[in-house]
Amino acid sequence: MPETINPTNRIHNNNRPADPVTPYLDPLDMADLVPGCMSQSHSYEASPVHQEKLGFPGELVDDWHDKAINKMGDLVSKYKSLRVFLDSCVKCGACADKCHYGMGTGDPKNMPVARQNLFRSVYRRYFTTAGKYVPALVGARDLTIEVLDEWYSYFHQCSQCRRCSVYCPYGIDTAEISMAAREILDTVGKGQKYCNEIIGKVHEVGNNLGMPAKAMKATLEDFEEDLEDETGLEIKMPLDIKGADILLVTPSADFFAEPHIDGLLGYAKVFHEAGASWTMSTTASEAANFGMFIGSYENMRKVSLRIRKAAEELGVKRIIFGECGHAWRVAYSFLNTLAGPFDFLDSRYPVPQHICEYTWDLIERDIIKFDKSKNDEYRLTFHDSCNVARGSGMGDKPGDQFEIPRDILKATCNHYFDMEENTIRKETVCCGGGGGLLTDDLLDLRKKGASPRMKALSNAREENGVTHMAAICAICKSQFAKVMPGYDFEIDSILSVHQMVSNAIILTGAIDPDEEDDDE
């Protein structure tokens, strides 16, 4: 088992001089409470074009009040869980100090119970008997334009990570309440630019970037050249190959930015060494599904159906998802409901399958092998991404979503260390940029929300000389690249899990770049 940090017994790595005055940072320490300090946090609102592409009004409708209440009634009738969450809270306070935004900002309304209550108080006013007749006695309030603005601000300060639900004795899911609030906001014409613009690009082009098929093809050809230069092998990045066995659906970040690209190259090397028949698709070139972030079943379904259509047209036997946290939650938990049944795929394989499951199976069967010394420059830890940790599963056993990525890392590197137990696995703290908040107009919020994880990582550096952190989520990787420099980590200290695979995998017939450099 990897060593974890014990703050009462701090032993510094011998290769890194210890700083005797460096204090232990409590990752879960709450900032001083300052009521309303984040009330002015306001993500850019969607333009009429962004709204209308998703089937929402282009601007705030005249009858917004009645439309919002009707939509709330529709949601609590359709989703019984939502009504249970709204009715069952007893304000016990178990969740009060569990939100990374609450810890990082100090705004009491970023306590999960308080954020829920922004929605619950309106629900009580219009959908409970006591709220209708004695609203003051039950904390019920009218829906006003000020309340609507408050919803917009604070429900875009929730990354839907579900950490609070782990500690709630009733299992109340704040993420579902946030999704409901955002769906109501969209319905009355007050949507968020970041999420809605991205979903529109997926509908039109097939990916979050708006990358057309021609550009995608050229990008993959460049990657093939890079792989040949590195290995001396013709490692293909196939696109739209009919009759391939595997359809890889990966986040579009894998096509254009580090460290995501290195993860994609790792997938290609794994497929190559395994002799797999695989392809990507220009029409389903995006694993992410931001429809979940805005709570829109219709948009979630429309995005998911692209994947089904591509799989049918290409005649594949199985679908494998790349490293993306919320994409895996949608795929694992909802894909069959949204776009199934997938009875045309090979029943011998899970639908869907995660790239980590695929790679780990090959490792267990000794089909791929590694030279762990290729990663000796890294002293590594792993960040459990929220949607994988608390919104999905992996492998054959409960908890495999925690162990499989770690097992892959330990198979590919010699120096692995876990962070503190109360910040990993099911208790993992969020990167601070998930849930549709990875936009620079919320950068202050993102930095504060990242502080619990960055404190835990800083402690791992002091305890075990950790230099890098790996993740299997595109949003997490992008977020940490932005916030790590503020904690004296290099921007490239965040890695893809399959980047480590790419570095260490032994490819049959490949040249050794290190030996080639020596010869030169």
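Bear in mind that the values here come from a model prediction, so they are computed numbers and not experimental data. (Residues numbered from 1 in each chain as written. Predicted model: local features only at pLDDT ≥ 70, side-chain atom pairs only at ≥ 80, totals over all residues. Heavy atoms only, no water.)

Participant: Would you explain a negative patch on the surface in this entry?
Facilitator: A cluster of acidic residues, D222, E225, D226, E228, D229 and E234, forms a negative patch at the surface. With respect to the element layout, E225 can be found in helix α11 (residues 213-231). (Patch = residues over 30% accessible without salt bridge, like charges linked within 9 Å, V, L, I, M, F, W, Y side chains within 5 Å. Areas by Shrake-Rupley, 256 points an atom, 1.4 Å probe, with all protein chains shown as cover. Salt bridge = Lys/Arg side-chain N within 4 Å of Asp/Glu carboxyl O. Lys, Arg positive; Asp, Glu negative; His and termini not counted. Charge placed at Lys NZ, Arg CZ, Asp CG, Glu CD. Helix = DSSP H or I, 4+ residues; strand = E, 2+ residues; numbered from the N terminus.)

Participant: Quick question: what am I supposed to make of the domain arrangement of the protein here?
Facilitator: Accessible area lost during the coming together of the parts is what is often quoted as the interface size. Examined at the domain level, the protein breaks down into domain 1 (57-190) and domain 2 (199-515). Relative placement of domain 1 and domain 2: their C-alpha centres are 32 Å apart. Taken together, the 20 residues of domain 1 in the interface contact 30 residues of domain 2. In this assembly, domain 1 packs against domain 2 so that about 2000 Å² is buried in total across both faces, 55% of it on carbon and sulfur atoms. At the junction of domain 1 with domain 2, the criterion picks out 0 salt bridges. With 5 residues, the single largest contributor to the side of domain 1 that touches domain 2 is helix α4 (residues 100-105). Among the residues forming the side of domain 1 that touches domain 2, the class breakdown is 8 nonpolar, 7 polar and 5 charged. (Domains from an automatic or database assignment. Contact = heavy atoms within 4.5 Å. Buried area = accessible area lost by both parts, 1.4 Å probe. Nonpolar A, V, L, I, M, F, W, Y, C, P; charged D, E, K, R; others polar.)

Participant: So what exactly am I meant to see when it comes to the packing of aromatic side chains here?
Facilitator: The way to describe two aromatic rings as a pair is by their centre distance and the angle between their planes. Following the criterion strictly, the structure yields 11 aromatic pairs and no others. Following the ring pairs from residue to residue traces out a cluster consisting of F119, W151 and F155. The ring centre of Y126 lies 6.0 Å from the NZ or CZ of R125, which sits over that ring. For R461, the ring lying beneath its charged end belongs to F489, and the centroid distance is 4.1 Å. (Phe/Tyr/Trp six-rings, centres within 6.5 Å; stacked < 30°, edge-to-face > 60°. Lys NZ or Arg CZ within 6 Å of the ring centre and 35° of its normal.)

Participant: Explanation requested: the nonpolar core in the structure shown.
Facilitator: What tends to happen in soluble globular proteins is that the nonpolar side chains get buried as a cluster. Of all hydrophobic cores here, the largest spans 110 residues; its most connected members are M237 and M280. The two domains that each donate at least three residues to this core are domain 1 (57-190) and domain 2 (199-515). If we skip the residues at most four places from it in the chain, M237 touches L220, F223, E224, L227, L264, L265, A268, W278 and M280. In terms of nonpolar packing, the next biggest core, distinct from the first, is built from 41 residues, F85, C95, I172 and I184 among them. (Core = buried A, V, L, I, M, F, W, Y, C linked by side-chain atoms within 4.5 Å. Buried < 20%, exposed > 50% of the residue type's maximum accessible area, 1.4 Å probe, protein only.)

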